[in-house]
Amino acid sequence: MDTTIQTPPRRRGPKLAELELTDEEQTTLERWARRRTSGQALALRCRIVLTCASGASNAAVAHQLGVSRPTVTKWRSRFVARRLEGLADESRPGAARTITDEQVERVLVMTLEETPKDATHWSTRSLARQLGMSQSAISRIWRAFELKPHLVDTFKLSTDPQFIEKVRDIVGLYLNPPEAAMVLCVDEKTQVQALDRTAPILPLLPGVPQRQTHDYTRHGVTNLYAALDIASGKVISQLSARHRAIEFKRFLGRIDKQVPAGLDLHVICDNSSTHKTPAIQRWLLAHPRVHLHFTPTYSSWLNLVERWFAELTTKWLRRGTHRSVAQLEQAIQVWIDTWNDDPRPFVWHKTADEILDTIVTYCQRINASEH
């Protein structure tokens, strides 16, 4: 009888690195493996580690996941050595830098302080030709320093001697409205045109935007008075053929009738001459609960009703067609009624100090512009 003890065959290759997971690592790996926002490479590495942790050999893991054995060995060893951080891609050195600091400085100086002979501003190609650099290099430098010579913006600083006081007054109404009172932002959208295109508008199609002719036919104008309640977002409106103090007085009367008698009225409006006539002053004396608050000169951005006018223009008027003033006024009233069915108040966030600090900072930046 043969009593020789049979020993199991030895495993060929290097000894497997021992891999044990903590509960936190197990949870994290499972989340990364199934999360939709994870990259496919990271998800595969997580599955390799999870399968290895179950006790499977490298060959079994490679066969189960459809990868090579060296891949399994690599990520098993990386995880054992560096844990979760080892599953991330290592940083790879890029190509050597070919643009010197002097070249970058020259691009910035030329962009900011000089102009080409045949244009008011540089383009990436014209500056590249001037400096003997590539267009992509100029583009990268401009992006890095947020330079956009092709863009121009507009600004207007108020010359109102009471600018600071008026800003604090109006912003105070927005952020801390008085009790037992209603704050209304009032303005006129004048000369709203009833326009009709010279040909029918072509509808939106897959791959083709809606199309309309560039020219149009005018059919008259109307004027829209609006009062935006900053608390509820509801709008009191009035359409009129003309834009005079008498129409503004009539609109104030309409506001006075629609607002409950127990509330004071704080009306924010601009410095239009139609808001300051003797007739308006007499009307205000006869209605002491109404208080007008004027925005500074050239500062209509302080009036929230301007934001509501932008909604009306963008969503309803700009792409609309109207063959008569009556049709235009009916369309405007329909949109206002729809808005008031589900009003959305505009919320003011910036304090008066933040606004004034922003203006001071801007003035300091342009102070050396030689204008």
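Residues numbered from 1 in each chain as written. Predicted model: local features only at pLDDT ≥ 70, side-chain atom pairs only at ≥ 80, totals over all residues. Heavy atoms only, no water.

J.: I'm lost on the nonpolar core in this one. Help?
T.: As a rule of thumb, soluble globular proteins bury nonpolar side chains together. By size, the foremost hydrophobic cluster in this structure holds 33 residues, and its most contacted members are Tyr174, Cys185, Leu304 and Trp308. Of all the secondary structure elements, the ones that give two or more residues to this core are helix H8 (163-175), strand E1 (181-197), strand E2 (216-229), helix H11 (305-317), helix H12 (325-341) and helix H13 (352-366). With six residues, the top contributor of residues to this core is H8. Sequence-distant contacts of Trp308, that is, excluding residues within four places in its chain, are made with Leu224, Ala226, Val235, Trp335, Ile336, Trp339 and Phe346. Counting residues in each nonpolar core, the second largest holds 20 residues, with Met182, Tyr225, Leu265 and Val290 among its members. (Core = buried A, V, L, I, M, F, W, Y, C linked by side-chain atoms within 4.5 Å. Buried < 20%, exposed > 50% of the residue type's maximum accessible area, 1.4 Å probe, protein only. Helix = DSSP H or I, 4+ residues; strand = E, 2+ residues; numbered from the N terminus. Contact = heavy atoms within 4.5 Å.)

J.: Where do I start with helix H1 (residues 23-34) in this structure?
T.: Since there are 3.6 residues in each turn of an α-helix, residues three or four apart along the chain are aligned in direction. Here H1 is twelve residues long and its end C-alpha atoms lie 17 Å apart, about the 16 Å a rise of 1.5 Å per residue gives. The complete set of buried residues in H1 reads Glu25, Thr28, Leu29 and Trp32. All buried residues of H1 project into a common sector of 100° when viewed along the axis, lining one side. Projecting away from the buried face of H1 at angles above 90 degrees are the exposed residues Asp23 and Arg34. Each element contacted by the buried residues of H1 is listed here: helix H2 (40-53) and helix H4 (69-82). (Expected span 1.5 Å × (residues − 1). Arc of directions from axis to C-beta.)

J.: In this structure, what is going on with unusual backbone geometry? I would like to understand it.
T.: Both trends apply: most residues other than glycine have a negative phi, and most peptide bonds are in trans. Of note in the backbone geometry, Glu146 takes a positive phi value of approximately 55° without being a glycine. Examined against the element boundaries, Glu146 turns out to sit in the loop between helix H7 (135-144) and H8. Owing to a relative accessible area of 68%, Glu146 belongs among the exposed residues under this scheme. Of note in the backbone geometry, Gln191 takes a positive phi value of approximately 55° without being a glycine. If you trace the backbone, Gln191 turns up in strand E1.

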